[in-house]
Every structure is written in structure tokens, then in C-alpha cells.
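Report on the structure
So you can see what is in the structure, the chains are spelled out below.
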Amino acid sequence: MTHTPSAPDATVPDGIAAPVTPAELPALRRRVQAALIATQILGGLGIAIGFALAAVLARDVSGTEALSGLASTASVAGSALLAMPLATLMARRGRRAGLVLAYLLGALGAGVVVLGAVLGNFPLLLVGLVGFGAGSSANLAARFAAADLAEPDRRARAISTVVWATTIGAVLGPNVAAPAGKSVSGLGIPAAAGPFVWAAGVFVLAAAVVAVLLRPDPLLTARALDAGPGEAAEGRSLRAGMDAVRKSPRARLALVTIAGSHTAMVSIMSMTPVALTHHGADIQLIGLVISGHIAGMYAFSPLMGWLSDRLGRLSVIGLAVGLIGAAALVAGTAGASHGRTALGLFVLGLGWSAGLVSGSALLTDSVPQAARAAVQGLSDFVMNTAAGVGGLAAGLIVSQAGYGPLNAIAACLLLPMAALALRGALRKA
């Protein structure tokens, strides 16, 4: 990050009276990262608690297993719908305002889910799940908050550390779902809705942590240091963000990388439990396979961040292409071999991590400071929308052609990533 000579006198425009100088940045970076790690743990916990039994709850309330898949679809739709408004709010008011609102909306959505379960109202349940998706939006947006004040050559590592923190909550969440269900016995709340009661409380706690600890706001601080408080607000609009992406080939590559990696991962992962049951796997084995996949997604993200900073964004995008392609090959040809399927899902998680971390860092590198919040919101909107479509299409593909062809089609999503990354590498050379 470059600092203008006037930076020491720049007052952060979010109500903080004391100026932030370049000499104070190292300590501020540590405080911001600590606050974001805490909220990622809480946010990941809240999301995982709710998702653990979401499909079961949808089945129980709707009365049919055929509609149980709408639980995840509704939540993903909520994340996509909130991405752009959240980006607009952050562009105007900073990260803290956007993250607090998103976590509170997630808590409200969880409450509506519980109400829908108590009333046995399936449409109301789906509305609640759409709101619950706001929690996912907050966790996704937090990775960009980590990059606001990071030095350019450590930006990917800052992003990856926050992504890694999600591992803790994601692992704990499913394990506390059962106690959460038991905790509401005698209250007239279905046991499968108990996790959403806990998720609402966790999201409120996450919002409180952001409100109290994320000070001064990292995005507004970065703007004050880079351009001063007189920076034109027009450059922060969503239109300006779209213009920035259109003008930058590297930003377009980053957007394709994030969306392509996420869509390929969601498409394959969402149908893997179905494929495993066709080959005699029980719920315990399916849980182990998905746990390994989640470990691949989050636990190794610091390695992906380090590689992205040391070897370059394009190199790690190439690694993502290779890993996801290998995962599709291994899982798609596994047949009745549960071990091969588990290996494929683990590698798929690694590929997703490489694509998300390197793509997010490249996106932040490639657009002006003023447009970053809008561009990052556009990225999350495209990512979640594409994944939602991919998840729906995956079910149709498996029902008509099978799990192997699904993996082959998902691998084809890598072709635009590979082509743009190769073109970028040749230009750089």
C-alpha cells in the first residue's frame, strides 16, 4: 500500500478523533485481524450449527424429502441477494456497518426459521433461510476486510488467515447441533430448529464483536491513508466498480476464478452424498467425507496465501485449476470406492481454497482503492449466483446422466480460468 505525504494528518472519517499514521499501522493491522478472526470463528459456528440440520428441518416441515434441498438453495440465494446491497453500504459507511447489519440480518433470519418450524409453515421457513444466508455474506465479506490495510506483498496471507479461522467454527458447528436440539425440548420448538436458536445468538454476538472491536474501520482507514478524506464519492459506486472490472483484464480473471472455483466445488460437493449413498455409504461415512472436504477448504488456506504472495496470484490460480481438475477426475471415476471419493473431495477443497484466496487477492490488487468495496460485492454476488445455479443444475445432471458426467462438466468450468490465466501469464512475460 502506498502512503501519501499527508497521511499522518489524515483523520479517519468514521468518528475516530485520533489520526492514524503509517507508524501505527502494524499494531492496527494486528487488531483488525484479531477482530476479524474472532468474528469468523463465531460466524462460521453460527452457519455450521444451522446448516447441520437445515435439510432435515425442511423435510420435516414440508413433509417431503423432495423439497429438503431447497434449504441450502434458499440460504445461497440470500447470500447472493445481499451481496450488492452490502457492498453499497460498505462503500459508503465502511466494513463495520456492513458486517454488523449482515450478522443481525442472519440472526433475524434464524429467528424466522424457528417461527416457521413452530408454525409448520414451509414458505415462512424458506424466507427465514434466505435471511439466514446473510451470515454467510458477512463471513465472505470479512476476507476482503482483512485485505484493506494489508501490505500488497502480504495481502493474500491476510485474506487466507481470516478464511482459515472459519475452520474452527465449521468443525465445532455440527458437533453442537445435537445439544442445541435438546436445549429446546419442552419449549414447543422442534429439535431440528434448536440449532437455529443457537445460531441467532451466535450471530448477535458476532455483530457485537464487530461493533466493538473493529475500530477504526479498516476500509475507511485505508481510504484516508491512500487518498485523504476529499476523495470523490462517485468512484465508490457500484457503476464505478463495474467499470473498474471492465477496464482490468486481471480483475476479470479474478472474478472468473472466484466464481468458477466456487461453482465447481458446490456442484460436485452437493451431490457427493447422493453418489455415496448409491454405493452403500452410511451417514457416518458421508459425514467423514464432507469433514475431510471442509478441512481441505479452510485448514490449508494459509498455505495458499503464502504461495500466492511468494509465487504470484497467477501461479496459484494455475494450481487451483490443476487441483480442481484432479479432484473431478478422481471423484468422477471413483465408482464404489469410498476412499477415492474422499480423496477427490479433499483435493476439491484444496482447489477451492487456492482459487478463492488467490482470486480475492488478485481482485483487490487490480482495482482502485475507491472501487474495491463495490467490486468485492460484485464478486460475491456473481460467486453465489453462479453456485446457486450450479447446485440446481447438478441435481438434474446426476439424475439424468450420473455423478461421473457431473464431475466432467464441472471440470469444464475451469477452461475459462485456465485460458485467462495463461493469457495473463503471457502478457506478464
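Located above this text is the structure these notes cover.
Our subject in this report is the structure included herewith.

Criteria and thresholds
Residues numbered from 1 in each chain as written. Predicted model: local features only at pLDDT ≥ 70, side-chain atom pairs only at ≥ 80, totals over all residues. Heavy atoms only, no water. Helix = DSSP H or I, 4+ residues; strand = E, 2+ residues; numbered from the N terminus. Rg over C-alpha atoms; globule rule 2.2 N^0.38 Å. Buried < 20%, exposed > 50% of the residue type's maximum accessible area, 1.4 Å probe, protein only. Contact = heavy atoms within 4.5 Å. Expected span 1.5 Å × (residues − 1). Bend = angle between axes of the 7 residues up to and from the residue. Phe/Tyr/Trp six-rings, centres within 6.5 Å; stacked < 30°, edge-to-face > 60°. Axes fitted to C-alpha atoms, helices over the stretch in contact; angles between N-to-C directions. Parallel < 35°, antiparallel > 145°, perpendicular 65-115°, else oblique. Left-handed = near helix turned anticlockwise from the far one by under 90°. Nonpolar A, V, L, I, M, F, W, Y, C, P; charged D, E, K, R; others polar. Core = buried A, V, L, I, M, F, W, Y, C linked by side-chain atoms within 4.5 Å. Patch = residues over 30% accessible without salt bridge, like charges linked within 9 Å, V, L, I, M, F, W, Y side chains within 5 Å. Areas by Shrake-Rupley, 256 points an atom, 1.4 Å probe, with all protein chains shown as cover. Salt bridge = Lys/Arg side-chain N within 4 Å of Asp/Glu carboxyl O.

**Notes on the overall build of the chain**
Secondary structure assignment for the chain yields 17 helices and 0 strands. Computed over its C-alpha atoms, the radius of gyration of the chain comes to 21 Å, within 12% of the 22 Å expected for a compact globule of 429 residues. Residue burial in the chain is summarised as follows: out of 429 residues, 53% are buried. Across the chain, the fraction of contacts at a sequence separation of at least 24, relative to all contacts at a separation of at least 6, is 81%.

**Examining helix α10 (residues 249-278)**
In this model α10 runs 43 Å from its N-terminal to its C-terminal C-alpha over 30 residues, within 8% of the 44 Å that 1.5 Å per residue would give. By the largest-angle criterion, Thr 272 marks the main kink of α10, which is about 40 degrees, and a proline, Pro 273, follows within four residues. Note on α10: the residue one or two positions beyond its end, Gly 280, has a positive phi of about 85 degrees.

**Side note on the packing of aromatic side chains**
Per the stated rule, a full pass over the model turns up 5 aromatic pairs. Aromatic pair Phe 132 and Phe 203: ring centres 5.5 Å apart, planes at 50 degrees, arrangement tilted. Linking Phe 132 in helix α5 (residues 122-147) with Phe 203 in helix α7 (residues 194-213), this pair joins segments that are 71 residues apart in sequence. Look at Tyr 298 and Trp 352: their rings are 5.5 Å apart centre to centre, the planes differ by 75 degrees, and that puts the pair in the edge-to-face class. In this pair, Tyr 298 is assigned in helix α11 (residues 283-298) and Trp 352 in helix α14 (residues 338-366), connecting sequence segments 54 residues apart. The exposure class assigned to Tyr 298 is buried, which follows from its relative accessible area of 17%.

**Structural notes on the packing of helix α6 (residues 155-183) against α14**
Between α6 and α14, the least distance of the axes is 9 Å, while the angle of their chain directions is 135 degrees. Looking at the two axes, α6 sits oblique to α14. Regarding α6 and α14, the two cross each other, and that crossing is right-handed. Listed contacts from α14 to Arg 155, Ala 156, Ile 159, Ser 160 and Val 163 of α6 are Leu 356, Val 357, Ser 360, Ala 361, Thr 364 and Asp 365. Among the residues forming the contact of α6 with α14, the class breakdown is 6 nonpolar, 3 polar and 2 charged.

**Some thoughts on the nonpolar core**
Leu 348, Leu 363, Val 375, Tyr 403 and Leu 406 are the most contacted members of the largest nonpolar core, which totals 65 residues. Residues within four places of Leu 406 in sequence aside, it is in contact with Ser 267, Ile 268, Met 271, Ala 394, Ile 397 and Val 398. In this structure, Ile 49, Ala 138, Phe 196 and Val 202 belong to the second largest nonpolar core, which totals 56 residues.

**Concerning the environment of Leu 125**
With respect to the secondary-structure elements, Leu 125 resides in helix α5. Spatially, the C-alpha atoms of Leu 125 and Val 61 are 8.3 Å apart, while their sequence positions differ by 64 residues. Among all residues touching Leu 125, those that are not within four sequence positions of it are Leu 57, Ala 58, Val 61, Val 113, Gly 116 and Ala 117.

**A look at the environment of Ala 418**
Its place among the elements puts Ala 418 in helix α17 (residues 414-428). With 161 residues separating them along the chain, Ala 418 and Thr 257 place their C-alpha atoms 8.9 Å apart.

**Describing unusual backbone geometry**
Pro 216 follows Arg 215 through a cis peptide bond whose omega is -10 degrees. Tracing the chain through its elements places Pro 216 in the loop between α7 and α8 (218-227).

**Considerations on a nonpolar patch on the surface**
Residues Leu 115, Val 118 and Leu 119 make up a contiguous nonpolar surface patch of roughly 270 Å² in combined accessible area. With respect to the secondary-structure elements, Val 118 resides in helix α4 (residues 95-119). On the basis of relative accessibility, which here comes to 41%, the residue Val 118 falls in the partly exposed class.

Without other data, these values stay purely geometric and don't point to any function.
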